[in-house]
Amino acid sequence: MICFLWMPSICMRTKIRINNIKPKTILLIIISIWLILILLYIFSLPTPLFNDPFATVVINKNDDLIGVKIANDGQWRFPETSKVSDKFKKCILCFEDKRFYSHFGVDPLSILRATKQNIKRKKIVSGGSTITMQTIRLSRKNKARTFTEKIIEITLATRLELKYTKSEILSLYASHAPFGGNIVGIEAAAWRYFGRDANQLSWAENAMLAVLPNAPSMIHTAKNRDLLKIKRDKLLNDLFNLGHINKTELELAIEEPIPSHPQAYPMHAYHLTEMSAKKHKGNNSFVKTTIDIELQKRTNDIVNRYTNIYHKNEINNIACLVIDVKTGNVITYIGNANINSDIPEKAVDMVMAQRSTGSILKPFLYAAMLSSGELLPKTLLKDIPTKIGSFSPENFNKEFDGAVPANETLARSLNIPFIYLLKEYGIMRFQYILKSLGLNTINKSSEHYGLSLILGGAESSLWDICSAYASMARSLNNFSNNNSRYNINDYHKPNYLLKDNSFKEQNIKETSFLSAASIWFTFEAMTSLNRPGQERMWQKFSSKQKVAWKTGTSFGFKDAWSVAVTPDYVVGVWVGNATGEGRAGITGLSVAAPVLFEILNIMSNYDNWFYMPYDDMTQVQICRQSGHIASANCTKYDTAWIPKRGINSATCPYHKLIHLDQSGNYRVNSNCYPIDQMTTQSWFILPPIMETYYKSRNPWYKPLPPFLDGCDDYSNKNENIMELIYPNQLSRVLIPIELTGDTLPAIFKVAHRNENSKIYWYINTKYIGCTQDFHEMAIKIPAGDYNLNLMDDKGNKISKRFVVVE
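Quantities reported herein were computed from a predicted structural model and do not represent experimental measurements. (Residues numbered from 1 in each chain as written. Predicted model: local features only at pLDDT ≥ 70, side-chain atom pairs only at ≥ 80, totals over all residues. Heavy atoms only, no water.)

Some words on the packing of aromatic side chains
So, point 1. One pass over the structure, following the stated rule, counts 23 aromatic pairs.
So, point 2. Judged by centre distance (4.7 Å) and plane angle (40°), the rings of Phe 364 and Tyr 469 are tilted. Taken as a pair, Phe 364 in helix H15 (residues 362-372) and Tyr 469 in helix H20 (residues 462-479) lie far apart in primary sequence, 105 residues in all.
So, point 3. By relative accessible area, Phe 364 is classed as buried at 0%.
So, point 4. Accessibility expressed as a relative area gives 0% for Tyr 469, which makes it buried.
So, point 5. Put simply, the rings of Tyr 654, Phe 684, Tyr 694, Trp 700 and Tyr 701 pair up and form one aromatic cluster.
So, point 6. Taking the ring centre of Phe 100 as reference, the NZ or CZ of Lys 166 above it sits at 4.6 Å.
So, point 7. One residue, Arg 429, lies across the ring of Tyr 425, its end atom 3.8 Å from the ring centre. (Phe/Tyr/Trp six-rings, centres within 6.5 Å; stacked < 30°, edge-to-face > 60°. Helix = DSSP H or I, 4+ residues; strand = E, 2+ residues; numbered from the N terminus. Buried < 20%, exposed > 50% of the residue type's maximum accessible area, 1.4 Å probe, protein only. Lys NZ or Arg CZ within 6 Å of the ring centre and 35° of its normal.)

Some words on the sheet that holds strand S16 (residues 569-576)
So, point 1. Strand order in the open sheet formed by 5 strands is S7-S6-S16-S15-S14, and the pairing between neighbours is antiparallel. Every interior strand has two partners, whereas the edge strands, strand S7 (330-334) and strand S14 (548-553), have only one. Strand-to-strand, the axes of this sheet are offset by a mean angle of 10°, without reference to chain direction.
So, point 2. As judged from the 4 bridges shared by strand S6 (residues 317-324) and S7, these two strands associate in the antiparallel manner. Its bridge partner lying in S7, Ile 323 is registered against Val 330. (Pairing = 2+ DSSP bridges. Axes fitted to C-alpha atoms, helices over the stretch in contact; angles between N-to-C directions.)

Structural notes on the environment of Asn 671
So, point 1. By the element assignment, Asn 671 lies in the loop between strand S19 (655-660) and strand S20 (679-684).
So, point 2. Placed 39 residues apart in sequence, Asn 671 and Gly 710 show a C-alpha to C-alpha distance of 9.5 Å.

Description of the environment of Ile 622
So, point 1. Residue placement: Ile 622 occurs in strand S17 (residues 617-623).
So, point 2. When its relative accessible area of 8% is taken as the criterion, Ile 622 is described as buried.
So, point 3. Considered as a pair, Ile 622 and Lys 378 are 244 residues apart in the sequence and their alpha carbons are 8.7 Å apart.

So, the packing of H20 against helix H21 (residues 516-526)
So, point 1. It is the contact of H20 with H21, at a shortest axis distance of 9 Å, that shows an interaxial angle of 120°. When the axes of H20 and H21 are compared, the pair comes out oblique. The chirality of how H20 crosses H21 is left-handed. Facing Tyr 469, Met 472, Ala 473, Ser 475, Leu 476 and Phe 479 of H20, the residues of H21 in contact are Ala 516, Ile 519, Trp 520, Phe 523 and Met 526.
So, point 2. Across the contact of H20 with H21, the residue classes tally to 10 nonpolar, 1 polar and no charged. (Parallel < 35°, antiparallel > 145°, perpendicular 65-115°, else oblique. Left-handed = near helix turned anticlockwise from the far one by under 90°. Contact = heavy atoms within 4.5 Å. Nonpolar A, V, L, I, M, F, W, Y, C, P; charged D, E, K, R; others polar.)

Describing the state of the cysteines
So, point 1. Enumeration over the complete set of coordinates arrives at 1 disulfide.
So, point 2. Between the sulfur atoms of Cys 672 and its disulfide mate Cys 711 the distance is 1.7 Å. The chirality of the disulfide connecting Cys 672 with Cys 711 is right-handed, given an S-S dihedral of about 105°. A residue pair is termed long-range when its members are at least 10 positions apart, and Cys 672 in the loop between S19 and S20 and Cys 711 in the loop between helix H23 (688-697) and strand S21 (722-726) qualify at 39 residues.
So, point 3. Cys 91 takes part in no disulfide bond, and the closest cysteine sulfur, belonging to Cys 94, lies 7.6 Å away.
So, point 4. Owing to a relative accessible area of 0%, Cys 91 belongs among the buried residues under this scheme.
So, point 5. Left unpaired, Cys 320 is separated from the closest cysteine sulfur, that of Cys 466, by 7.9 Å. (Disulfide = S-S within 2.5 Å.)

Observations concerning the packing of helix H9 (residues 186-194) against helix H10 (residues 203-211)
So, point 1. Packing of H9 against H10 brings their axes to within 11 Å, and their N-to-C directions diverge by 120°. Classed by the angle they form, the pair H9 and H10 counts as oblique. The interaxial crossing formed by H9 with H10 has right-handed handedness. Together, Ile 186, Ala 189, Ala 190, Tyr 193 and Phe 194 of H9 and Glu 205, Met 208 and Leu 209 of H10 make up the contact between the two elements.
So, point 2. Residues that form the contact of H9 with H10 fall into these classes: 7 nonpolar, no polar and 1 charged.

Thoughts on the sheet that holds strand S2 (residues 65-69)
So, point 1. If you trace the 3 strands from one edge of the open sheet to the other, you get S2-S1-S5, paired in mixed fashion. Edge positions in the sheet fall to S2 and strand S5 (287-289), since each of these pairs with one other strand and no more. Here the strands of the sheet are splayed against their neighbours by 20° on average, with no regard to which way each runs.
So, point 2. Sheet topology places strand S1 (residues 56-60) next to S2; 4 bridges connect them, and they run antiparallel. Counterpart to Thr 56 in the pairing with S2 is Lys 69.

Comments concerning helix H7 (residues 147-163)
So, point 1. For H7, with 17 residues, the first-to-last C-alpha span of 25 Å sits near the 24 Å given by 1.5 Å per residue.
So, point 2. Looking at H7, one finds that the buried residues are Glu 149, Glu 153, Leu 156, Ala 157, Thr 158, Arg 159, Leu 160 and Glu 161.
So, point 3. On its buried face, H7 is in contact with helix H3 (23-42), helix H6 (131-139) and helix H8 (166-176). (Expected span 1.5 Å × (residues − 1).)

Considering the pattern of salt bridges
So, point 1. Evaluated as defined, the whole model comprises 27 salt bridges.
So, point 2. The partner of Lys 141 in a salt bridge is Asp 52, and the shortest N-O contact between them spans 2.2 Å. On the criterion of sequence distance, the pair formed by Lys 141 in the loop between H6 and H7 and Asp 52 in the loop between H3 and S1 is long-range, its members being 89 residues apart.
So, point 3. For Arg 697, the salt bridge identified is with Asp 401, shortest N-O distance 3.1 Å. Of this pair, Arg 697 sits in helix H23 while Asp 401 sits in the loop between strand S9 (380-383) and strand S10 (402-405), and the two are 296 residues apart along the sequence.
So, point 4. Exposure remark for Arg 697: the relative accessible area of 39% places this residue in the partly exposed category. (Salt bridge = Lys/Arg side-chain N within 4 Å of Asp/Glu carboxyl O.)

Here it is in structure tokens:
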């Protein structure tokens, strides 16, 4: 009728057209329109509902907060919570939506009430929104309150109710509601205002948080605190009236004060949190780690205290890593000093940084040579002045012992014996061992590293080094559990993410690149308290239980390392400057070991020790003096356990039979002395250079007796009487130059088995001079090729060719 009154001609034409359409077509059009509307309704809800960035929240298995990194949009928005605590649920529903569980997303009574209030006030003072509608509004970024927006919210709220359960809707709201400032979500608010998990909050605390989303921009704990308390207390009284809390709980809750200021989020592992943020970017979930919160806190206290002490000597950075051997889980991770301090380069994660290894790799070489049978635990190793090409290694104390048992060499971390061990074992073979241990960054050619590889010529990280020691300990622990076989998968990187370790694939083999016995003997050597010089300070670092430990210092005093191993834990400490600046006090023993042992002493459950892997050992007679398998000439020997493969090692090369006269004071032979008057003895004889230094450290050592007069002419001329310490055969001698430009003499040194002998020195055929007792000669010669000819007073000769370079 209205159509005909307004526009009769148009309506007439429309009616004629409609009359021309068949009823079936009209029905089809109506159905299509409804289908389109239904489809629009079904797909009206965005997926996901919220597309906001989340903060990286690092926790442990007990949900303790380890650290938080703010979301990319500058909001403290924790990952969505899957379950809201019962207290907060009752608080928020009492305050915002009492009929939450009875409506379908829209509460007509609330809308009617809001309409009356708005008409009465002649402005919008209430929207009558349910929790479901507020969740939709939050997802739409709180768009302006218009009639159209309200219709959209109502529509989407009903759709949300169809897709999600009431519990899920409540969780979405609690996770995205604003709680003042840039704090978003109940979890972020609980930690920010009260310093603990939302599940641990009291009635008063939950009530305060329940009223905050209602007006987060106007109500803040640092402003209008009285208004906030009034609103909170009103809610608490409502909860009492509804029977959710009793009178006593109400009174106690009202007495609780409003927090004065928001708290800073805990940051117990800054660098681990940063690493987690990079590796788990965009994850809507908490990063659950293996960190032991109490040990992390106590270790942080130790590290920060030592950082403050060392900072006075311009040593600024300390890193620490503690690994559980059985699982490989990281239980303490400190990448650097207190992030809130003014320590330089504190943001650099020194657990992962590549640094010069110093001598921290020596136990790996020791274990490798024990495993291959090329070394026994007490084999004597030479410790003498050494020059290999242009490489002149020195021990830390710049002294020489001549010969040192292998296990003592490791305990004392002597450089020169390990140079000879690496030369014998081979750099490429050793690199294979390091790669198998997971030190994959030591990947350049053997020519690049040279023999300095064992003294810090390569770089690795505290992460990889501790991982290698933990893998060795794990392999040794599991050897007996695997029926004296090896699980190759025991060698793996540490893990800081909490995951199910109940089942791990096993890869059982009969052999391994490091045998169980070699690892056990290595750890035993590392427990030795026989430390040289300054390292006798071990007593001030003594731990409560038996522990294997090793220190390391890089060239230039730039890196100090200390690593401890027990059957349960591996603890690693690095100290230095992240800038690479060296300081005189940066040594493994002086700055890293004190931190290490203080950490060990706060730990528990490491009172046991590794079981001896007898199935991978054999008992043999070992020469008491040389540490080799006893030969027929060895007079004193001990029955000892050695790695099985060590049975094929060489017998003692130092005990030899000599013939003496009846007095026992002179050597003789059959050409100068009656055979029936000779006595034959086994004598411990070291090469001249080794003997020179060894006898000064070992007063019991007896040099060879001299020959009886008339017998030396028939002596074995191949016997090693003299030995040149420096220069070596075909070596290059660098002549030092003073500031004035004048050249200084080159120093030549010789060892002689008879310290009272005279040695006559010749360069080519020119006589230079004679020495007795101390066989050193300073010779000033120009650049060129020369022969050094030496002859003692018995006619023994040696000749060495060398090149002088200015």
